[in-house]
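Chain residues, written in single-letter form:
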Amino acid sequence: GQIFLAGGAMMRGDAKLCLSRLKPLDDSKIVANPVLKPSLGAVRGLRAQAQAKVGDYREAFSTFSALNAAERDTSINPGDFYRGVQARGKLTIPPLPAPGRTAVQMLGFPRSGTTLLENVLATHPDVETFEETPALMIAIDRIERVLMGKSSPEPIETTFVSARDRYYAEIDLLRKKPTARVLIDKMPIRTADAAFIGKLFPEWRYIFSIRHPYDVVLSCFKQRFLPNPAMENFRTIEDSIRLYDFTMTEWFKVHTLDDANVHYVRYDELVTDFENVT
């Protein structure tokens, strides 16, 4: 009940009341109580948010750090994300026949305003958006199975064409607006795979959200993401910075700010000049 009331206070913007509600629930009491122990992460998350809201930044940072350390998934190696991106970027993909269709990719970096932009664009009757689908990973799995000898050998062109077809087939399964003419697939962390997707899907165009790196790095550090090789890099500020730098470096190796296939949207302009930017 106290946790629920604390969460309600935080949703109303009353950080002081949130901290007051959580005061009887220090970490040692929660850990010692089998009923409360599963709620430790939720309590720490609320406490950290409230501490930051009242300006107690050092305490908030300590609480967020403790939260991230406790929730680290030791079965996942964060370095796998880097290795995967680099391996895919080195693949030699031959020129492929045009697929006859395309999907706009909404990229950038997590916490850079892509969800806001996606929700806005989804209201247009000619636009359908998809949020963080597994479509590209299904295509990648198709390629990896062949290259690692887990599937029957085949001409290399067949491998990449089939992978591309798998992507679009997965998107079609998720469609709910059959009359939409523009499909937008949102997955910000996919930005790091710019070299690979540029070769496999040269027909793609992009909407790219830019937000100040201080804001996105701090925001990612403060989120409770579901564990995977990419998100496990947000457990510390240092690792979050490293991932941001790596992701943007990989993107700008392939694209420029003047790229005709990329429409850049700055988050601060979106929220301060909403109608015109939209």
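Attention here is on the structure that accompanies the text. (Residues numbered from 1 in each chain as written. Predicted model: local features only at pLDDT ≥ 70, side-chain atom pairs only at ≥ 80, totals over all residues. Heavy atoms only, no water.)

**Overview of the environment of Phe-64**
Line of reasoning, step 1. Within the element layout of this structure, Phe-64 appears in helix H5 (residues 57–71).
Line of reasoning, step 2. Sequence separation of Phe-64 and Lys-53 is eleven residues, and the distance between their C-alpha atoms is 13 Å.
Line of reasoning, step 3. Look past the residues within four positions of Phe-64 in its chain and what remains in contact with it is Ala-48, Gln-49, Phe-221 and Lys-222. (Helix = DSSP H or I, 4+ residues; strand = E, 2+ residues; numbered from the N terminus. Contact = heavy atoms within 4.5 Å.)

**Topic: the sheet that holds strand E1 (residues 104–107)**
Line of reasoning, step 1. Here we have five strands laid out as an open sheet, ordered E2-E3-E1-E4-E5, and parallel in their pairing. Because the sheet does not close on itself, it has two edges, and the strands there are strand E2 (127–131) and strand E5 (262–266). The mean angle between the axes of side-by-side strands here comes to 20°, regardless of whether they run parallel or antiparallel.
Line of reasoning, step 2. Pairing between E1 and strand E3 (residues 182–186): three bridges, direction parallel. Paired with Gln-105 across the bridge in E3 is Asp-185.
Line of reasoning, step 3. Here helix H7 (residues 114–121) sits on the sheet in contact with E1, E2, E3, strand E4 (206–210) and E5, set at roughly 150° to E2. (Pairing = 2+ DSSP bridges. Axes fitted to C-alpha atoms, helices over the stretch in contact; angles between N-to-C directions.)

**A closer look at the pattern of salt bridges**
Line of reasoning, step 1. Inspection of every chain in the model, using the stated rule, returns 14 salt bridges.
Line of reasoning, step 2. Salt-bridge contacts for Glu-71 lead to Arg-224; the nearest nitrogen and oxygen are separated by 2.5 Å. Linking Glu-71 in helix H5 with Arg-224 in the loop between helix H11 (213–222) and helix H12 (237–254), this pair joins segments that are 153 residues apart in sequence.
Line of reasoning, step 3. When its relative accessible area of 24% is taken as the criterion, Glu-71 is described as partly exposed.
Line of reasoning, step 4. The shortest N-O distance in the salt bridge between Glu-128 and Arg-175 comes to 3.6 Å. Here Arg-175 lies in the loop between helix H9 (156–174) and E3 and Glu-128 lies in strand E2, a separation of 47 residues in the sequence.
Line of reasoning, step 5. With a relative accessible area of 26%, Arg-175 lands in the partly exposed category.
Line of reasoning, step 6. Salt bridges sharing partners connect three or more residues here, namely Asp-27, Arg-44 and Arg-47. (Salt bridge = Lys/Arg side-chain N within 4 Å of Asp/Glu carboxyl O. Buried < 20%, exposed > 50% of the residue type's maximum accessible area, 1.4 Å probe, protein only.)

**Some points on unusual backbone geometry**
Line of reasoning, step 1. Of note in the backbone geometry, Arg-111 takes a positive phi value of approximately 70° without being a glycine.
Line of reasoning, step 2. Position of Arg-111 among the secondary structure elements: in the loop between E1 and H7.
Line of reasoning, step 3. Given a relative accessible area of 38%, Arg-111 falls into the partly exposed group.
Line of reasoning, step 4. Backbone geometry at Glu-132 places phi at a positive 50°, although glycine is not the residue there.

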